[in-house]
Amino acid sequence: HWPALSGQRAPYTYKMLLDYRDGLRHEDARAEMMVVLARMMSEQDMADVAAFYAAQPLPGRAPLKKGHPVNDLVRRGDPQRLITPCASCHGVEGQGGRNETPSLAGQRPEYLVRTLKAFRDNPRHNDVHQGMAQFAWDLSDEEIRALAEYYAR
């Protein structure tokens, strides 16, 4: 249930550590360990950890499957439900976007399911302008599982 941090952009990892420290990312008991660790770290420690993980390669990825059931959701979104395409922020290959936008490719499916549900069901409040929450509000459990499998590949 833990995220893969290797290859994540340093601003993303640094922001998550700050969010744990400041109580903005405490969606369930599994996060308690990160809250405690982040509160023991200086901001320089956080920057160093973020730089370390950013220097590591992203997890190996298989090519995206064009015929996958959520391919349209990833690439085009769903205008009927006002859902923005995942690719507009996280990149066409799930490689991550600018600054705090993480890579999704190669993440563990259990982690992605838990994270998407946390944004959808509202215990997680650390997304800028509630961008992820707005995306996830209308997702079904089935769509969440399919997106997690899609990016985990």
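Residues numbered from 1 in each chain as written. Predicted model: local features only at pLDDT ≥ 70, side-chain atom pairs only at ≥ 80, totals over all residues. Heavy atoms only, no water.

**A closer look at unusual backbone geometry**
1) Next: Even without being glycine, Leu82 reaches a positive phi, approximately 60°.
2) Next: Secondary-structure assignment places Leu82 in the loop between helix H4 (71-75) and helix H5 (87-90). (Helix = DSSP H or I, 4+ residues; strand = E, 2+ residues; numbered from the N terminus.)

**Quick look at the layout of surface pockets**
1) Next: Estimated volume of the largest pocket: approximately 800 Å³.
2) Next: Lining the largest pocket are 36 residues, and of these Cys89, His90, Thr101, Pro102 and Met132 lie nearest its centre.
3) Next: Listed by contribution, the elements that provide at least two residues to the lining of the largest pocket are helix H1 (10-21), H5, helix H6 (109-121), helix H7 (131-136) and helix H8 (141-152).
4) Next: The residue inventory of the lining of the largest pocket, partitioned by class, reads 18 nonpolar, 13 polar and five charged.
5) Next: In this structure, the second largest pocket spans a volume of roughly 290 Å³.
6) Next: In terms of lining residues, the second largest pocket is bounded by 16 residues, among which Pro3, Leu5, Leu17, Tyr20 and Met34 are the most central.
7) Next: Per element, the largest residue contribution to the lining of the second largest pocket is five residues, and it comes from H1.
8) Next: When its residues are assigned to classes, the lining of the second largest pocket shows 14 nonpolar, one polar and one charged. (1 Å grid on protein atoms, 1.4 Å probe; cavity = no way out; pocket = protein on both sides within 12 Å on 5 of 7 lines; lining within 4 Å. Points joined across faces, edges and corners; volume = space filled by probe spheres on them. Nonpolar A, V, L, I, M, F, W, Y, C, P; charged D, E, K, R; others polar.)

**With respect to the pattern of salt bridges**
1) Next: Under the counting rule described, the total for this entry stands at eight salt bridges.
2) Next: In this structure, the salt-bridge partner of Arg81 is Glu143, at a minimum N-O distance of 2.6 Å. Of this pair, Arg81 sits in the loop between H4 and H5 while Glu143 sits in helix H8, and the two are 62 residues apart along the sequence.
3) Next: According to the relative accessible area criterion, Glu143 is buried, its value standing at 19%.
4) Next: Between Arg120 and Asp121 there is a salt bridge, and its shortest N-O distance comes to 2.8 Å.
5) Next: Looking at Arg120, the relative accessible area reads 17%, which means it is buried.
6) Next: Each of the salt bridges in this network shares a partner with another, and the network as a whole consists of Arg21, Asp22 and Glu43. (Salt bridge = Lys/Arg side-chain N within 4 Å of Asp/Glu carboxyl O. Buried < 20%, exposed > 50% of the residue type's maximum accessible area, 1.4 Å probe, protein only.)

Geometric values such as these leave the question of function open.
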